[in-house]
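Single-letter residue listing:
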Amino acid sequence: MKKKRIVLFSHGQESGPWGTKITVLAEDARDAGLAVDSIDYRGMPDPAERAKKLIARMRDCRREILLAGSSMGGYVAVAAAQAQPAAGLFLMAPALAVPDWPPLGETVDAPAHLVHGWEDDIVPLEWSVDFARANGAHLHLLRAGHGLTEALDEIRVLFRLFLSSCG
């Protein structure tokens, strides 16, 4: 019997566990027959502490795990995937190289899809390009800012494609 998959969402620094993007993408994941959970990191400004919380949740999980993260949540998802197996990563404007945060390894052992906005004035596009290049990941550039909400319909299509590509 095949293990049911779960998508674990990690929100950004200034967001919450059920913000606009996560709520919509969680609905798409449920429609695809997946379980969903969104980790609540509010009141946790330290990305390393957030990653520890996600890793603990992953270790408790009895399902195949897909990780989805936005901004700081993208960093958290990559940090967790480097410590605990994941079946795939969906990263939105991931903050992967913030100077004051613990450095990440260059690669992950999971297929990755990244979405980044051309007009992102918070997280440099180059961070996503570098990560995608090092990991042979899919990189999708959209006409959007850091929040990506103006490209939500496109992100939904890309997220569904990610879900189907992960089995």
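Residues numbered from 1 in each chain as written. Predicted model: local features only at pLDDT ≥ 70, side-chain atom pairs only at ≥ 80, totals over all residues. Heavy atoms only, no water.

1. What to know about the nonpolar core
Thought 1: The biggest cluster of nonpolar side chains holds 35 residues, and the ones touching the most others in it are L54, M58, L67, L89 and F131.
Thought 2: For this core, the secondary-structure elements that each account for two or more residues are β1 (5-10), β2 (35-39), α2 (47-60), β3 (64-70), α3 (72-83), β4 (88-92), β5 (112-117) and α4 (125-135).
Thought 3: Of the residues forming this core, the biggest block, 8 residues, is contributed by α3.
Thought 4: Here F131 is in contact with V78, L91, L96, E106, V108, A112 and L114, once residues within four sequence places are set aside.
Thought 5: A87, A144, A151 and L158 belong to the second largest nonpolar core, which has 25 residues in total. (Core = buried A, V, L, I, M, F, W, Y, C linked by side-chain atoms within 4.5 Å. Buried < 20%, exposed > 50% of the residue type's maximum accessible area, 1.4 Å probe, protein only. Helix = DSSP H or I, 4+ residues; strand = E, 2+ residues; numbered from the N terminus. Contact = heavy atoms within 4.5 Å.)

2. Some remarks on the sheet that holds β3
Thought 1: Taken in spatial order, the 6 strands make up an open sheet running β2-β1-β3-β4-β5-β6, and their pairing is parallel. Two strands bound the open sheet, and with one partner strand each, they are β2 and β6 (138-142). Pairs of neighbouring strands in the sheet enclose a mean axial angle of 15°, with direction left out of account.
Thought 2: Taken together, the 6 bridges between β1 and β3 define a ladder with parallel strand orientation. Among the inter-strand pairings, I6 is bridged to a residue of β3, identified as I65.
Thought 3: Packing of α2 onto the sheet brings it into contact with β1, β2 and β3, and relative to β1 it is tilted by some 170°.
Thought 4: Across the sheet, helix α5 (residues 152-165) touches β1, β3, β4, β5 and β6, and the angle it forms with β4 is around 170°. (Pairing = 2+ DSSP bridges. Axes fitted to C-alpha atoms, helices over the stretch in contact; angles between N-to-C directions.)

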